[in-house]
Amino acid sequence: MSTSKPADPLTVIAHFGDEGEARLAAARLEMEELDVHLDLLSTRHGLGPRAAKLAVPASQVTAAVVLLQQTPARVWLVEPRAC
C-alpha cells in the first residue's frame, strides 16, 4: 500500500511572448524556492523569439502571482488555469 500524496497539479499563470522574459520570471520564482515549469512553444519555421507558458504547482499559484505582480512580468500574467 502506497502512502505517497497525489502530485500537486500544475497551473499556468503566465504566457510570455519571448523565451528570455519567461526565463527571467522563472529565475525570480526559483529564487523564492517555488517550483517552476516552462513550456517553450515553437514558432513558425523556427524563426523569431520563442513564446513560453509558465506554470507552477496549484499550491504555489498565489505566492507566484504576488511575486510576479511586482516585476515587469506582470504584463504576461493570465487568469490561472490548470494544465
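Higher on the page you've got the structure.
Residues numbered from 1 in each chain as written. Predicted model: local features only at pLDDT ≥ 70, side-chain atom pairs only at ≥ 80, totals over all residues. Heavy atoms only, no water.

*Asks:* Looking at this structure, I do not really get the pairing of strand 1 (residues 10-16). What am I missing?
*Replies:* On any regular strand, side chains alternate: one points to one face of the sheet, the next to the other face. Taking burial as the measure, the seven residues of strand 1 include five buried ones, the bulk of the element. Pairing of strand 1 with strand 3 (residues 51-57) involves six bridges; the strand directions are antiparallel. When the sheet's bridge partners are listed, Thr-11 is paired in strand 3 with Val-56. For strand 1 and strand 4 (residues 77-82), the ladder comprises three bridges, and the chain directions are antiparallel. Directly across from Ala-14, in strand 4, lies its bridge partner Leu-77. (Buried < 20%, exposed > 50% of the residue type's maximum accessible area, 1.4 Å probe, protein only. Helix = DSSP H or I, 4+ residues; strand = E, 2+ residues; numbered from the N terminus. Pairing = 2+ DSSP bridges.)

*Asks:* What is the right way to read the packing of aromatic side chains from this model?
*Replies:* In this description, a pair of aromatic rings is defined by centroid distance and the angle of the planes. Inspection of the entire model under this criterion finds one aromatic pair. When the ring of Phe-16 is compared with that of Trp-76, the centres are 6.0 Å apart and the planes differ by 35 degrees; the resulting orientation is tilted. Pair noted here: Phe-16 is in strand 1 and Trp-76 is in the loop between helix 2 (61-68) and strand 4, with a separation of 60 residues, a long-range link. Accessibility expressed as a relative area gives 2% for Phe-16, which makes it buried. With relative accessibility at 26%, the residue Trp-76 sits in the partly exposed group. (Phe/Tyr/Trp six-rings, centres within 6.5 Å; stacked < 30°, edge-to-face > 60°.)

*Asks:* Help me out: how do you make sense of the nonpolar core in this one?
*Replies:* A general tendency of soluble globular proteins is for nonpolar side chains to be buried together. Ranked by internal contacts, the top residues of the largest apolar core, which has 18 residues, are Ile-13, Phe-16, Leu-29, Leu-54 and Val-56. Put simply, the parts of the chain that give this core at least two residues each are strand 1, helix 1 (19-31), strand 3 and helix 2. Take this core: its biggest share by element is five residues, from helix 2. Not counting the four nearest positions on each side in its chain, Leu-29 is found in contact with Ile-13, Leu-34, Val-36, Leu-54, Val-56, Ala-64, Leu-67 and Leu-68. (Core = buried A, V, L, I, M, F, W, Y, C linked by side-chain atoms within 4.5 Å. Contact = heavy atoms within 4.5 Å.)

What is shown is where atoms sit, not what they do.
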